[in-house]
Amino acid sequence: MTLQEITAKMQEGASKKTAFGNTVKFSTDQGVVHIDGMQSPPTITNDDKAADCTIKMDFSDFADLIGGKLDGMTAFMTGKLKIEGDMGVAMKLQTILR
């Protein structure tokens, strides 16, 4: 999967969700995915904007996370996922990304 394919998949999923009141940025070695959860439905872009929570990970791990092959908590515990900013926002993502 490319970053654009992942972004499109996330946009499709977000179209069925409601606002969650925060912004999140996934930062990878191949670019970023920004989720604006202040909108309903949330908007997903590849714009590198400030966010309440930034999640940093290698692109391959990010693709596995979005594809359902990697659990977010496992990724965090094994150091594959690093969180900067509001940890509570990161915890919300488990329900948002499903």
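Everything numeric in this text was worked out from a predicted model, so none of it was measured.

Novice: Would you explain the sheet that holds strand β4 (residues 53–56) in this entry?
Specialist: What links the strands of a sheet is backbone hydrogen bonding, and the strands pair in either a parallel or an antiparallel sense. A sheet is described by the order of its strands in space; here 5 strands give the open sequence β3-β2-β1-β4-β5, paired in mixed fashion. One side of each edge strand has no neighbouring strand; the edge strands of this open sheet are β3 (43–45) and β5 (82–85). Each adjacent strand pair in this sheet contributes to an overall mean axis angle of 15°, direction not counted. Along the sheet face, helix α1 (residues 3–14) touches β1 (23–28), β2 (31–36) and β3 and points at about 10° away from the line of β2.

Novice: Would you mind showing me how to read the pairing of β2 here?
Specialist: On a regular strand, each side chain points to the face opposite its neighbour's, so the side chains alternate between the two faces of the sheet. The element β2 is extensively covered by neighbouring structure, given that 5 of its 6 residues are classed as buried. In textbook terms, the turn of a hairpin is the stretch between consecutive antiparallel strands, and for β1 and β2 this stretch comprises 2 residues. Judged from the 3 bridges that link them, β2 and β3 form a sheet pairing that is antiparallel. In the strand pairing of β3, H34 is matched with T45. What sits between the antiparallel neighbours β2 and β3 is a turn of 6 residues.

What counts, and where the lines are drawn
Residues numbered from 1 in each chain as written. Predicted model: local features only at pLDDT ≥ 70, side-chain atom pairs only at ≥ 80, totals over all residues. Heavy atoms only, no water. Pairing = 2+ DSSP bridges. Helix = DSSP H or I, 4+ residues; strand = E, 2+ residues; numbered from the N terminus. Axes fitted to C-alpha atoms, helices over the stretch in contact; angles between N-to-C directions. Contact = heavy atoms within 4.5 Å. Buried < 20%, exposed > 50% of the residue type's maximum accessible area, 1.4 Å probe, protein only.

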